[in-house]
Structure formats: structure tokens, C-alpha cells
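# Close look at the chain arrangement
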Amino acid sequence: MDDFAIYLDGVTKRFGPVTAVERMDLGIARGEFFSLLGPSGCGKTTTLRMIAGFEEPSEGAIFLDGTDVAKLPPFRRNVNTVFQSYALFPHLNVEKNVAFGLKRKKLARHEIKRRVTDALRLVELEERRQYKPSQLSGGMQQRVALARALVNLPSVLLLDEPLGALDLKLRRQMQLELKHIHKDVGITFIYVTHDQEEALTMSDRIAVMNAGRVEQVGVPEDLYEHPATRFVAGFIGTSNFIEGSLERDGDHGLMNLGEGQRVLVPAAAGGSAGGPVELAVRPEKIRLYEVGQEVPEGLCLLRGKVRDVVYLGMTTQYTIEVPVLSRQFTVLEQNVEAASDQTLWVPGEETQLAWHPSHNRVLPAEGSAGAQEEDAA
Amino acid sequence: MRRALSRKPRDQRTKAKGLRLFVAGVYGFLFAPIVVLVLFSFNDSKRNATWQGFTLRWYNELFHDGPVLDALFLTLKIAVLATILATIFGALGAYALTRYKFRGSGLYNGAIYVPLVIPEIVFAVALLSGFNAAGIIPSFKTIIIAHVAFMLSFVIVVVRSRMAGFDRTLEEAAMDLGANEIQTFVYVTLPFMMPGILAGSLLAFVLSFDDFVITFFNSGVGNTTLPLKVYSMVKFGVTPEINAISVFMLLVSSLLLLATYKLQGGPPTITVRAPGEE
Ligand SMILES: Nc1ncnc2c1ncn2[C@@H]1O[C@H](COP(=O)(O)OP(=O)(O)OP(=O)(O)O)[C@@H](O)[C@H]1O
Ligand SMILES: [Mg+2]
């Protein structure tokens, strides 16, 4: 536990009948850029507020640098927050906003001045130090909020959707800046977002949350390539889901998709033999072949008919009807050649879908239909 | 709608003219006495009947009239003291009422309007009988208590309307940055409340400064404030000196209300909320 900047041990938070966070276990290493990712209302803010000290857990314990902070008020915790609404003090100018925390620590005046200047230089707002928050743009206010928190050199910095109010372009730019600042200061960042792309580009590790629970914790590639639950497979990127049951076959698993269709699945796949499971396949892992064209040995193979073609520039997205499973597949193809009628598939064409069995992800069945639509892209 | 549009423009013009006359009449009725009062305070005549020429004599006399000056200083003393007390209690009350939900907080929030809407004389008599029941003899102290009681609601209502726009995240941000509860209040909440507090206190000062009814009932012997003094002087006829006193009081009140206006960025607002409304 001492190795972690933050350790949550079975933390639960209930608001009356609502359970906002349920039995959360989480260890976040020092210096890590850690993201909490999940849809609206899944308990991300509540988790941050418990770490900051604004909410008390109903159950469980929170350790900050190895010490239980459950009974410490917010002003005794070595944690600072960048609020989604920035919460800059409207009656103080930039400089005084940033100095607020240092003044409470009763540091010497020249020390305060030096650190405020450093922090403002870090966020490139030195020349705006006399401005009132209302005289700054949204992006500048965001950076003041960041400087105001960072200047205290907390052990952990909590960021609650700090870029949520910015437009896309500024958002991208601030993502990079935040990443740089994190590298510079070496402080542990806990970053809340509901934007999977943002989480993937910025984080060392991500915890995917759903309805108050942590579904999976891992590095971005892991979450994308090896989702542990159907929710993760649907929330991070898009997946094609097929229900079926798991059968055993020597070294490999074998999954029965019904209608006599069987596919090989990696041996380590979850689920017990005979039980209902779901198969998830990423759209970009599937290749399309002409009917009658030779398909390499050992691939999973289905026949289908092109329903819909969406040209996206870099890629083309196809919706393909697979009658034998009576469902539609989404397939994403790279536009390696210049796009034309010759290179693109057209609606109504018969085709073969093929993919390597190593791309099959077998997930415990949830019975929650429509996870594919939860794609946040 | 259609009928209104098809009406002859001429018809509309006469209507607008009638309306303008009506408005002019209302404003004339409101302001003519005040204008006359101000004018005649510069009238070089002992009687208020005819214009005899311009003079500052009455103002000169006013500022050399011992009893009137005594009354003025007493009025100011009461107003300042009562305003300070009412501002402190009122600001704290407004903070508590907006910031905390407690049993009966809806009732308290609504009850604040009672002193604003009941007839002043009822309030004055109620205070007097309260003092009597408690065996307190009307004196300088009872005037202060009565004024504070009367002003409190106004201060609370004004400060509360300011507090309604307060973002509680600011307090959380302060605590997050290491400020304890008291520092959070002093450095973040109070500065935000300040325009409301100032506006409320100016309003309270004006109310105390020109109050007649409540002071009249609760002042006891010898505590003659300026309004009481004017009242006793008027018994012997309206002299130009009374005009001058009135103009002076008018000036003080107007300036303070103007300051309130500036502070609130609009006319002094008294927002009425239903009890229990957030
Ligand atoms: N103070 C509160 N009282 C009652 N319920 C609350 C309170 N705070 C949060 N909740 C509930 O807890 C659940 C989680 O809320 P939370 O704010 O943590 O979600 P979130 O993941 O931050 O969502 P978003 O992305 O929309 O900000 C929600 O159902 C919410 O209604
Ligand atoms: Mg939130």
C-alpha cells in the first residue's frame, strides 16, 4: 500500500438509495497519469470528491501516500483539484488566485512570489497575472485553475473533466500541454473524462467505470485489444458482438455461434465450457474477400451482403448483413488505394468476412443488447 | 390582435396622448410637493405662501439651531449603531438561510418578509408592548433594538438575493487549497457577499435615518430624533427652516439610495421568494 500514491480499499458511496460508487479497489502508482473513464453518472466525480475529501465514503478506506485519510478534512489533504467549472475566485486576479494555496501555508512572501511566477510560466500566463478571471478566455481560465492547483506541489492532482468546456481544437492542444506538464512536474495525475479518445491518448493507465463499478483497469492498448467485459469492448472503440456458447477443443477454445457456425477462440478466453458467452471482434480486424476468392487457411469465415458504405477518407466503414447469424457486422477498411468504384465495395454485393481467430475476444455474456451503439466515437 | 392592428392610427395617437398626460399627472402629483418644498427652503420669507426671493438664511439658521443639531446627531448615532448591528446579524442570517438546510429553514426564509409587509405601526406597537411586557422602559437602547429588529429583514433580503448567485464550488476550491472553514468564509464567501452587505447596510441606514413611527413609539423621554423634532416643530406651522431640514434629509437619503443603486448595479432589489423555494 505504501508504494501507491492513492489506494482505494473497497470504497463504496451511497446517496440514500443511490449507490454512486460500489466496492472500488484501486491502486495508483506515484507519478502515474491515471484516468477514470466512463459514461455520465457512473461515479467518476464522486470518486474524485472522496479522494479530495468533499464526500465521506460510506464504506472502505482511502490511503494517500500510505496513510488513511478518511477523517481528514479537504484542507488537511495533500491533494489539489482542478474543477470542471474551474472555480476561480472571481474577486482575485490571476496572481492572487494562484497564490491562494501558498498563502494558506504561510510561506514567505518572496517564496510565494517565486513559485507563483514559476507556475504562471509553466502555463504561459505570466503576462496576464494582473487580469481578473472574467477577463480571460476559457482556455486561459483552465490554465489558471491548473497553475493554482499545481503551484502547491500536491502529492496527487485531481482533474475533473478539465477540458470539457473547451472547443475541440483547444481541447487537443490542451491535452498535449497537460501531458507535457505532467512529465515536467512528475506529480500523480488522476484524470476524469468520459471521452475514450482523450483517455487513450493521455493516460498511462485507465480504469473503465460503469454504474459505480470498475469494469477493468489497464494500459490503453490492453483495454482496446483485450477488453475484459462486454461493456469495455463496446465503450472503448466499437466491437461486433455475437452471442454463442463455448465448447472445448484441445489447445484452443471453440465457440459455437449457432447455425452450425463455429470459430476458434484463444485458449485463455474467459467463460466456462457450455456456458453462454459473447464474441467481440473489432471492425478493423475483419477483411473482406470476393465470393470465390481464396481465403487463407485457418481464418474465421462468414458470408454476407454489403448493406451500407460510408466513406470516411482514411477509412471506409461497411455495414454487412450476415444472414446465417441474422445480424449486421461493421467492418472498417483502410483506403490504401485511391478510392473509386473499383476499390470500394458497393451496396448489394456479396462478400466474405474473414479474420484471424487471435482477434476473437470471448466475454462473459451480459444480455445487454445494443452495446455496439455505446461507442463514444 | 387583427382588430387592434386595423385600428386607425389617429385613434392610437390620441390614446398615446391621453396616456402621456396621465403619466405626467401621476409624476406631477408625486414630485410637485417635493419641488415646492425644495424651492421654498430658499424662499426669503417667514411664511411659505409667496416667493420673495432667494436666500440661504434658513440653512444658516438650521445649522445654528442647537436642538435641531442635537436631534440630527442623535439620529445619526442611532442610524450608525443600528446599521452596524443589523448588518452583522443580517449578513450572518442571510448566509445561514442560503447555505444550510435545517429543520424549519423554509419557514424562517418566508418569515423574513413579515416585518416588510406588516404595517409599520403594528410593528411599532408590537415592539412597545414587547418592551412593556419585559419591563423595559423605552430609552436609547430600545430605539436601537427596535431599529435593528426592523432593519434586519431588509438586510437579510438584500444579502440573500446576492448569495443566491453564489457558486458553492468556490468554497470547495478554497478548502481544497488549504483554507479552513473560517479562512474560506473570510477570503472567499465574504468578499462575494460584500456588495450585498454594503447595499443592505445603506438601505438600513436610510430606513433608520428617516424612521418616524417606530422611533415615536419606542423612544421614551428626551430621545428626540430629527423626524420627531420635525414633527414637533410642524405643530406650530410649517416654517422655511422645516423645509430646509426636509431638503437635508432628502439629500442624505437620496445619496445613500443612489449608492445602493450603484452597488447592486440596479435599483435596490427586494426579491420575493416563496417559502422553501431554493
Ligand atoms: N450529492 C449527491 N446526492 C445524491 N446523489 C448524488 C450526489 N452526487 C452524485 N450523486 C449520484 O451519484 C451518481 C454518480 O454521480 P457522479 O457525479 O459521480 O457521476 P459522473 O461519473 O461524474 O458523471 P458525469 O460524467 O455526468 O459528471 C449519479 O447517479 C448521481 O445522481
Ligand atoms: Mg462528473
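### A look at the overall build of chain B
Helix and strand content of chain B: 13 helices and zero strands. N-terminal to C-terminal, the α/β element order of chain B is α-α-α-α-α-α-α-α-α-α-α-α-α. Taken over C-alpha atoms, the radius of gyration comes to 24 Å for chain B, far larger than the 19 Å a tight globule of 278 residues would show. With respect to the three principal axes, the spread of C-alpha positions in chain B is 70 × 70 × 40 Å. Among the 278 residues that make up chain B, the fraction classed as buried is 41%. If you take every contact in chain B between residues at least 6 apart in sequence, the share linking residues at least 24 apart comes to 72%. Entry remark: accessible area of chain B is about 15900 Å², with carbon and sulfur atoms responsible for 70%. Each charge class in chain B was averaged separately, 24 positive and 16 negative side chains, and the resulting centres sit 15 Å apart.

### Quick notes on the overall build of chain A
Check the secondary structure of chain A and you find eight helices and 20 strands. For chain A, the spread of C-alpha atoms along the three principal axes comes to 80 × 50 × 35 Å. Counting over 377 residues, chain A shows a buried share of 51%. In chain A, 66% of the contacts between residues at least 6 apart in sequence involve partners at least 24 apart. Taking the average place of the 42 positive charges on the side chains of chain A and the average place of its 51 negative ones, the gap between the two points comes to 13 Å.

### Focus on the site of ligand 1
Residues and elements named next belong to chain A. As a structural note, the neighbourhood of ligand 1 is formed by F15, V18, A20, S40, G41, C42, G43, K44, T45, T46 and E161. S40 has a polar side-chain atom sitting 2.5 Å from an oxygen atom of ligand 1. Here ligand 1, which alone exposes 630 Å², has 60% of that area covered by the protein. Sorting the residues of the shell around ligand 1 by element identifies β2 (18-29) and α1 (44-52) as the ones contributing at least two each. Per-element tally for the shell around ligand 1: the top contributor is α1, with three residues.

### Describing a positive patch on the surface
A cluster of basic residues, A:K96, A:K103, A:R109 and A:K132, forms a positive patch on the protein surface. In this fold, A:K132 is placed in the loop between α3 (109-122) and α4 (138-150).

### Let's talk about the side chain of A:K285
Residue and element names in this part refer to chain A. Along the chain, K285 turns up in the loop between β14 (276-281) and β15 (287-289). Within the structure, K285 has its side chain in polar contact with the side chain of E225 (distance 3.3 Å). Discounting residues that sit within four places of it in the chain, K285 has contacts with E225, A354, W355 and H359.

### Brief notes about unusual backbone geometry
All names here are of chain A. Backbone geometry at Y86 places phi at a positive 70°, although glycine is not the residue there. When you line up the elements, Y86 lands in the loop between β6 (79-82) and α2 (94-104). Residue Y86 is classed as buried on the basis of its relative accessible area, which comes to 6%. For A87, which is not glycine, the phi torsion reads 50° and is therefore positive. Residue placement: A87 occurs in the loop between β6 and α2.

### Comments concerning the nonpolar core
A:L36, A:F89 and A:I190 are the most contacted members of the largest nonpolar core, which totals 64 residues. With nine residues, helix α8 (residues 140-163) of chain B is the largest single contributor of residues to this core. Judged by nonpolar contacts, the second largest core, of 34 residues, contains A:V98, A:I112, A:L146 and A:I181.

### Things to note about the packing of aromatic side chains
Residues and elements named next belong to chain B. Applying the stated rule across the entire model yields 23 aromatic pairs over all chains. For the ring pair F102 and Y108, a centre distance of 5.8 Å and an interplane angle of 50° mean the geometry is tilted. The exposure class assigned to F102 is partly exposed, which follows from its relative accessible area of 34%. Taken together, the ring pairs in this structure connect F212, F216, F217 and Y231 into an aromatic cluster. Above the ring of Y100, the side-chain terminus of R99 is found at 5.4 Å from the ring centroid. Above the ring of F192, the side-chain terminus of R162 is found at 4.1 Å from the ring centroid.

### Quick look at the pairing of strand β18 (residues 327-334) of chain A
All names here are of chain A. Sheet topology places strand β17 (residues 315-322) next to β18; eight bridges connect them, and they run antiparallel. Each residue of the ladder has a partner; that of I320, found in β18, is F329. What sits between the antiparallel neighbours β17 and β18 is a turn of four residues, in which S326 has the positive phi angle 40°.

### Observations regarding the layout of surface pockets
All names here are of chain B. Taken as a whole, the second largest pocket encloses approximately 330 Å³ of empty space. Along its surface, the second largest pocket is lined by 16 residues, and R99, R168, E171, M175 and E181 are the ones closest to its centre. With five residues, helix α10 (residues 181-209) is the single largest residue contributor to the lining of the second largest pocket. A breakdown of the residues in the lining of the second largest pocket according to their chemical character gives nine nonpolar, two polar and five charged.

### With respect to α3(A)
Every α-helix carries 3.6 residues per turn, so stepping three or four residues along brings you back to the same face. Residue and element names in this part refer to chain A. Its 14 residues place the ends of α3 20 Å apart at the C-alpha level, agreeing with the 20 Å of an ideal helix rising 1.5 Å per residue. Along α3, the positions that sit buried rather than exposed are I112, R115, V116, T117, A119 and L120. If you follow the buried residues of α3, they end up packed against α2 and α4.

### A few points about the interface of chain B and chain A
Often the size quoted for an interface is simply the accessible area lost on bringing the parts together. Each side of the interface is counted separately: chain B has 17 residues, and chain A has 20 residues. Counting the surface lost from both chain B and chain A, the interface buries some 1700 Å², and carbon and sulfur atoms represent 65% of this. Its largest share of buried area at the contact with chain A, chain B owes to B:E172, B:D176 and B:L177, together 40% of the area lost on that side. As a salt-bridge pair, B:E172 and A:R49 come within 2.8 Å of each other at their nearest N and O atoms. Remark: the boundary between chain B and chain A carries five residue pairs in polar contact (both at pLDDT 80 or more).

### Some details on the domain arrangement of chain A
All names here are of chain A. The assigned domain composition of chain A is domain 1 (4-234) and domain 2 (238-363). Placing the centre of domain 1 and that of domain 2 at their C-alpha centroids yields a distance of 39 Å. Each partner contributes to the interface: domain 1 provides 10 residues, whereas domain 2 provides 11 residues. When domain 1 packs against domain 2, the two sides together hide about 880 Å² of surface, and 45% of this comes from carbon and sulfur. Three residues, Y224, R230 and A233, lead the burial of domain 1 against domain 2; their summed loss comes to 61% of the area buried on that side. At the surface where domain 1 touches domain 2, the tally comes to two salt bridges. Of the charged contacts in the structure, one is a salt bridge between K285 and E225, with a shortest N-O distance of 3.3 Å. On inspection of domain 1 and its partner domain 2, the count reaches seven residue pairs in polar contact (both at pLDDT 80 or more). Contributing elements (two or more residues each) for the side of domain 1 that touches domain 2: α7 (220-225) and α8 (230-235). Class assignment for the residues of the side of domain 1 that touches domain 2 results in five nonpolar, three polar and two charged.

Parameters and conventions
- Residues numbered from 1 in each chain as written.
- Chains lettered and ligands numbered in written order.
- Predicted model: local features only at pLDDT ≥ 70, side-chain atom pairs only at ≥ 80, totals over all residues.
- Heavy atoms only, no water.
- Helix = DSSP H or I, 4+ residues; strand = E, 2+ residues; numbered from the N terminus.
- Rg over C-alpha atoms; globule rule 2.2 N^0.38 Å.
- Buried < 20%, exposed > 50% of the residue type's maximum accessible area, 1.4 Å probe, protein only.
- Contact = heavy atoms within 4.5 Å.
- Areas by Shrake-Rupley, 256 points an atom, 1.4 Å probe, with all protein chains shown as cover.
- Lys, Arg positive; Asp, Glu negative; His and termini not counted.
- Charge placed at Lys NZ, Arg CZ, Asp CG, Glu CD.
- Near = heavy atom within 4 Å.
- Polar contact = N/O pair within 3.5 Å; in protein donor to acceptor, adjacent residues only side chain to side chain.
- Patch = residues over 30% accessible without salt bridge, like charges linked within 9 Å, V, L, I, M, F, W, Y side chains within 5 Å.
- Salt bridge = Lys/Arg side-chain N within 4 Å of Asp/Glu carboxyl O.
- Core = buried A, V, L, I, M, F, W, Y, C linked by side-chain atoms within 4.5 Å.
- Phe/Tyr/Trp six-rings, centres within 6.5 Å; stacked < 30°, edge-to-face > 60°.
- Lys NZ or Arg CZ within 6 Å of the ring centre and 35° of its normal.
- Pairing = 2+ DSSP bridges.
- 1 Å grid on protein atoms, 1.4 Å probe; cavity = no way out; pocket = protein on both sides within 12 Å on 5 of 7 lines; lining within 4 Å.
- Points joined across faces, edges and corners; volume = space filled by probe spheres on them.
- Nonpolar A, V, L, I, M, F, W, Y, C, P; charged D, E, K, R; others polar.
- Expected span 1.5 Å × (residues − 1).
- Buried area = accessible area lost by both parts, 1.4 Å probe.
- Domains from an automatic or database assignment.

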